[in-house]
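Notes for the structure review
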Amino acid sequence: MTQTISLNAVPRPAGGFFFEDYTVGRRFHHVVPRTLTAGDASTYIALTGARNPVHCCLPLARQLGHEAMPLDDLLVFNAAFGKTVNDISYNAIANLGYADVRFMAPVYAGDTITCESMVIGTKENSNGSSGIVYVRSRAFNQDREEVLSWARWVMLPRRKPGAEAHEPNVPPLPDHVDPKNYSVPRFLKPAALQPHYTGSGLLWEDYTPGETIHHPGGMTIEEADHMSATRLYQNTARIHFDAYAAKEGPHGKRLVYGGHVISICRALSYDGLENGFAIAAIHGGTHANPSFAGDTIYCRHVVVGREKIPGRDDVGALRLRMIGVKNVSLAKLPDLGPGEKNDAVVLELDYSVLIPRRGTT
Amino acid sequence: MTQTISLNAVPRPAGGFFFEDYTVGRRFHHVVPRTLTAGDASTYIALTGARNPVHCCLPLARQLGHEAMPLDDLLVFNAAFGKTVNDISYNAIANLGYADVRFMAPVYAGDTITCESMVIGTKENSNGSSGIVYVRSRAFNQDREEVLSWARWVMLPRRKPGAEAHEPNVPPLPDHVDPKNYSVPRFLKPAALQPHYTGSGLLWEDYTPGETIHHPGGMTIEEADHMSATRLYQNTARIHFDAYAAKEGPHGKRLVYGGHVISICRALSYDGLENGFAIAAIHGGTHANPSFAGDTIYCRHVVVGREKIPGRDDVGALRLRMIGVKNVSLAKLPDLGPGEKNDAVVLELDYSVLIPRRGTT
Amino acid sequence: MTQTISLNAVPRPAGGFFFEDYTVGRRFHHVVPRTLTAGDASTYIALTGARNPVHCCLPLARQLGHEAMPLDDLLVFNAAFGKTVNDISYNAIANLGYADVRFMAPVYAGDTITCESMVIGTKENSNGSSGIVYVRSRAFNQDREEVLSWARWVMLPRRKPGAEAHEPNVPPLPDHVDPKNYSVPRFLKPAALQPHYTGSGLLWEDYTPGETIHHPGGMTIEEADHMSATRLYQNTARIHFDAYAAKEGPHGKRLVYGGHVISICRALSYDGLENGFAIAAIHGGTHANPSFAGDTIYCRHVVVGREKIPGRDDVGALRLRMIGVKNVSLAKLPDLGPGEKNDAVVLELDYSVLIPRRGTT
């Protein structure tokens, strides 16, 4: 259950790694393990507006079977992701996509997250100045229990442009995580998620594939907000923090860390997905356009389907397509198919959330 | 002591409630109970500059008789208030006033706050497009002990303008909370509040009715600050967060949550009211003018009177009028009587703080 | 070991103290002791981007011999410093320098910091309108164990300009802290600082006197960030918070608290000084130019020397010169000697960090 990636730490060059440094099979043991605390949970709420009571209501957490409040899935994801940046995406031109993101075990205040990555594919761009690197990353708690696993691919510049080509090696990645691999703790009692806690009686059976949910809130991002969130995750990517250097960059200004946009969209979508109590998996995701301070983020969901979880009739999953947009009224936004381009779209996420089934409630 | 409001949760329409939805006697069980933590206490200090040592100095808290540091009264108030927004003021045009706000028991890190409200009055506006709703809200801890109770009234739009009128029903509200209803824990030893903790030897006897206190500090509010505070309270009112939609609104920009202004004024007033260690009650309050990011807040107090607390000669209360203003030098601000209009005034609060009496110290 | 400064608290005038109020030997017992918590540690990371794993990785902290994660040295320094502001630098024209700053014992979440100061020197300026006050400040934990001691000097206005002169009394201050006075807990096992924790195998022996380290990151400061940090430290100096009043001041805007700049530089310098796990002493420091919101901070270090610590062959110290600059590429910044003036320099700190020696690892 807790296979380990060997710990052959790769000495990191001072300016970070470039495309040529990544060869399939190379492993990275990311440094500065992070003990997450109740302080991080509070800061996360202050920066994102998260309201899922599983993470902020101890009596509910206990009725669900937890001994303490688990930390928000996306606080854990962003903290784990942050650990990989220095080795994987420090010099990234673009964070191209995610796949096969599995949330494997709850993380509690006091747990310490350690992360590792392995290169699973590389592909040169024809321009000879950059390439794509595919990485599998894994996060463990202090007991070496795997809590999170994800693949992502990034575009990286070559250290030395025009170097000779090598064979492309694009890894096979599942187009979705199989629900039989969703992690549902045996102790979990989903029936605890009652309307007086969450605000809604809508459960698994009540969502219809194809239906669209417009979440009512909107959140304007300030420089201080996205930087504080990104610092909380100890993510060191300069483009989020250094306005002086960013003036010379492609956007002329700082870029909002994409994981902060995911967190904002997840928080906004509480109104309408109140009982979707945990993220089981992210099947795929892209940051379709960049976000900047001053942008106001809105979120729409399309219900893709209902998924059954083997061995459980008290909890199922909703497969959802999260569409995060900026500076546009959702009412004026046309329907958008998967991957459909639109200048307002900043985030598209194909993912599944756990939600109680009516069967036993 | 811990009467409960019945839990007939009202299903909330997706766009929130409108004036017509509120009938006297209707009850709301507000969702997403909140477990407050030491993380929230720290975030509160970072966002407001609060310095009351009762909430940040464990040795003093223990000498006062607490087992741990109680959370700031206004952190608790704002967190509880935030819970009511989705049901009560989500569509509010204006938050008109507070009355009969009673702080009934200390709240500690680890406590979970649950809130309920009941409609106690309604009154249509003659324009037929809006009305005023009066609500009594109550907050309980995880032991169903009531920790906070307050009345407020808000102006709400009608869902369907021009509908037929109904009889106005304006509830009787006390013009002040009787000191015999102030909650002073029996264990409390106010004599622990010594000058080496608080910085001042001024006690109950040293404040003179009619005297004015100009607090020396000023605090400029940034968008990131008021939004972080309001998110910490899980307050969902769009007007505080959504700059894109706010452009079309009456102010053209985001509005600062009034509770953040109260917190700022309370923090500023530490210099001059050092031994006013807890808020006993807020008799009445209004946000006389809106606050926006960029405004600098200052605070003046007028001592209204000294109140005795039945059965205690070691602690009394000061009844105070807090006047929060923006972008004006206090020295240039004229004396202002209760409710006197002035463009600079953003907050007027008639309230009482507990303070040691010299009798036993 | 824990000599105390007598607690003759000086009643503080409402507008704070002026030059005339400071006489050599006068003692100040600073009020509002502060219990630091895990919440403060988290907020500190969110505001500064600190990544030293000693403070955020419990397993490492324990392997080092701590029972819990010690709080960041500069969180403690800034919180302690903040306590002194109301009495020492509330009316300061400038914070001129630091000397003999000794970090004497680790501070953990739950510890309560109390601070005291004594005037150790005064010197009138020839203009008759201001003078320099030299102060020794000390911070203690709840067991009266001294955790931090520092000297600083500030320029203060006279309450009544042109008053008669008195004899200058400039205290002798050491030009550096002797390594024999560095505090290294006996329990400390520096060998725990392995590259898989910190990201670097560079130890004491690997740094060469005279070498320059350019840290790769940059951090743009927002108003909300520096104000939140400064509020976290309960530092009340108006110039950091009050934009309305600052418009009339010498800079026309709010000034960033210098301690926030130190924290930013320390955080940026993690990349290059990964194993410099604790600050032993600050020999001297100045804020050479002011910082304002919008400035982007960069950091360069010059290795001044390697210091041995009596009785320990497993840990040494690096004496370093930290140069914090703003809005300039480090690559374009000339070499700067100690104290050399340059408009870009906002901070120069002569200090020493503890770092493992290869001897025993």
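This report concerns the structure included in the present document. Treat the numbers as computed from the prediction; the structure is a model and nothing was measured. (Residues numbered from 1 in each chain as written. Chains lettered and ligands numbered in written order. Predicted model: local features only at pLDDT ≥ 70, side-chain atom pairs only at ≥ 80, totals over all residues. Heavy atoms only, no water.)

A word on the relation of the copies chain B and chain A. If you rotate chain B by 120° and push it 0.0 Å along the axis, it lands on chain A with an RMSD of 0.0 Å. Classification of the inter-copy transformation places it as that of a three-fold axis. Ranked by how close their C-alpha atoms come to the rotation axis, the residues of chain B are headed by Gly39 of chain B, at 2.2 Å. Different-surface contact between copies: only 10% of interface residues of chain B are shared with the interface of chain A. (Least-squares fit on C-alpha atoms with pLDDT ≥ 70 in both. Contact = heavy atoms within 4.5 Å.)

Each partner contributes to the interface: chain B provides 37 residues, whereas chain C provides 30 residues. Contact between chain B and chain C buries roughly 2,500 Å² in total, counting both sides, with carbon and sulfur atoms accounting for 58%. On the chain B side of the contact with chain C, Ala46, Arg51 and His196 of chain B bury the most area, a combined 19% of that side's loss. Joining chain B to chain C, the criterion identifies 2 salt bridges. For the salt bridge of Arg231 of chain C with Asp225 of chain B, the shortest nitrogen-to-oxygen distance reads 3.0 Å. Summed over the shared surface of chain B and chain C, the number is 18 residue pairs in polar contact (both at pLDDT 80 or more). Of all the secondary-structure elements, those providing two or more residues to the side of chain B that touches chain C are helix H1 (38-48), helix H2 (58-63), helix H4 (195-198), strand S8 (219-220), helix H5 (223-232) and strand S10 (296-309) of chain B. It is H1 of chain B that contributes the most residues to the side of chain B that touches chain C, 8 residues altogether. (Buried area = accessible area lost by both parts, 1.4 Å probe. Salt bridge = Lys/Arg side-chain N within 4 Å of Asp/Glu carboxyl O. Polar contact = N/O pair within 3.5 Å; in protein donor to acceptor, adjacent residues only side chain to side chain. Helix = DSSP H or I, 4+ residues; strand = E, 2+ residues; numbered from the N terminus.)

With that settled, consider the pairing of strand S3 (residues 94-103) of chain C. Residue and element names in this part refer to chain C. Where S3 and strand S6 (residues 146-157) come together, 7 bridges link them in antiparallel fashion. Across the sheet, the residue bridging to Ala94 is Met155, located in S6. In the sheet, S3 pairs with strand S9 (residues 278-286) via 4 bridges, with the strands oriented antiparallel. Each residue of the ladder has a partner; that of Tyr98, found in S9, is Gly285. (Pairing = 2+ DSSP bridges.)

Attention now moves to the pattern of salt bridges. A full pass over the atoms with the stated rule returns 57 salt bridges over all chains. A salt bridge links Arg51 of chain B to Asp271 of chain B; its shortest N-O distance comes to 2.8 Å. Pair noted here: Arg51 of chain B is in the loop between H1 and H2 and Asp271 of chain B is in the loop between helix H7 (258-268) and strand S9 (278-286), with a separation of 220 residues, a long-range link. Each member of the pair, Arg51 of chain B together with Asp271 of chain B, is buried. Residues joined in a network through salt bridges with shared partners are Glu20, Glu124 and Arg158 of chain A. (Buried < 20%, exposed > 50% of the residue type's maximum accessible area, 1.4 Å probe, protein only.)

Superposing chain B onto chain C requires a rotation of 120° together with a translation of 0.0 Å along the rotation axis, leaving an RMSD of 0.0 Å. Interface overlap between copies: only 8% of the residues of chain B at the interface are likewise at the interface in chain C, consistent with a contact formed by different surfaces.

The interface is formed by 30 residues belonging to chain B together with 37 residues belonging to chain A. Around 2,500 Å² of area is buried between chain B and chain A when both sides are counted, 58% of it from carbon and sulfur atoms. Area buried by chain B at its contact with chain A is led by Val32, Arg231 and Tyr244 of chain B, which between them contribute 24% of it. Counting the contacts that link chain B with chain A gives 2 salt bridges. The shortest N-O distance in the salt bridge between Arg254 of chain B and Glu222 of chain A comes to 2.9 Å. In this structure, the connection of chain B to chain A is made through 18 residue pairs in polar contact (both at pLDDT 80 or more). Mapped onto the side of chain B that touches chain A, the elements with two or more residues apiece are strand S2 (34-35), H1, H5 and helix H6 (243-246) of chain B. With 6 residues, H5 of chain B is the single largest residue contributor to the side of chain B that touches chain A.

When you line up the elements, Asp225 of chain B lands in helix H5. With residues near it in sequence (within four places) discarded, Asp225 of chain B still touches Leu47, Thr220 and His260 of chain B together with Ala224, Met227, Ser228 and Arg231 of chain C.

For the rest of this paragraph, the subject is unusual backbone geometry. Within the chain, Asp100 of chain B stands out as a residue other than glycine whose phi angle is a positive 50°. Among the residues examined, Asp100 of chain B registers a relative accessible area of 8% and is labelled buried. Even without being glycine, Val32 of chain C reaches a positive phi, approximately 55°. On the secondary structure map, Val32 of chain C appears in the loop between strand S1 (27-29) and strand S2 (34-35).

In this section: the packing of aromatic side chains. Aromatic rings in a pair are described by how distant their centres are and how their planes are angled relative to each other. Taken as a whole and judged by the stated rule, the model has 36 aromatic pairs over all chains. An angle of 75° between the planes, with centres 6.1 Å apart, marks the rings of Tyr298 of chain A and Tyr244 of chain B as edge-to-face. With Tyr298 of chain A in strand S10 (residues 296-309) and Tyr244 of chain B in helix H6, this pair bridges two chains. Judged by relative accessible area, which is 29%, Tyr244 of chain B ranks as partly exposed. Consider the rings of Phe77 of chain C and Tyr98 of chain C, whose centres lie 5.9 Å apart with planes at 70°: the pair is edge-to-face. Here Phe77 of chain C, found in helix H3 (residues 73-88), pairs with Tyr98 of chain C, found in strand S3; they are 21 residues apart in sequence, far enough to count as distant. Judged by relative accessible area, which is 3%, Tyr98 of chain C ranks as buried. Aromatic rings pair up to connect Phe77, Phe81, Tyr98, Phe103, Trp150, Tyr233 and Tyr257 of chain A into one cluster. A cation over an aromatic ring shows up here: Arg12 of chain C above the ring of Tyr90 of chain C, its NZ or CZ 4.6 Å from the ring centre. (Phe/Tyr/Trp six-rings, centres within 6.5 Å; stacked < 30°, edge-to-face > 60°. Lys NZ or Arg CZ within 6 Å of the ring centre and 35° of its normal.)

All names here are of chain B. By secondary structure assignment, the location of His240 is in the loop between H5 and H6. In this structure His240 comes out as buried when scored by relative accessible area, which is 7%. There is a polar contact of 2.8 Å between the side chain of His240 and the backbone oxygen of Leu255. Not counting residues up to four positions away in its chain, the partners in contact with His240 are His226, Met227, Thr230, Asn235, Arg254, Leu255, Val256 and Tyr257.

Moving on to helix H1 (residues 38-48) of chain A. Residues and elements named next belong to chain A. Burial within H1 is extensive, with 9 of its 11 residues counted as buried. Those residues of H1 not exposed but buried are Gly39, Asp40, Ser42, Thr43, Tyr44, Ile45, Ala46, Leu47 and Thr48. The N-cap of H1, judged by a side-chain oxygen 3.0 Å from the amide nitrogen of Gly39 a few residues on, is Thr37. Remark: Gly49 follows H1 within two positions and exhibits a positive phi of approximately 75°.

The next thing to look at is the state of the cysteines. Residues and elements named next belong to chain B. What the rule picks out here adds up to 0 disulfides over all chains. With no disulfide partner, Cys57 has as its closest neighbouring cysteine sulfur the one in Cys56, 6.6 Å distant. By relative accessible area, Cys57 is classed as buried at 0%. (Disulfide = S-S within 2.5 Å.)

On to the environment of Arg158 of chain A. Residue and element names in this part refer to chain A. Checked against the element boundaries, Arg158 lands in the loop between strand S6 (146-157) and helix H4 (195-198). Among the residues examined, Arg158 registers a relative accessible area of 8% and is labelled buried. Sequence separation between Arg158 and Pro216 is 58 residues, and the spatial gap between their C-alpha atoms is 44 Å.

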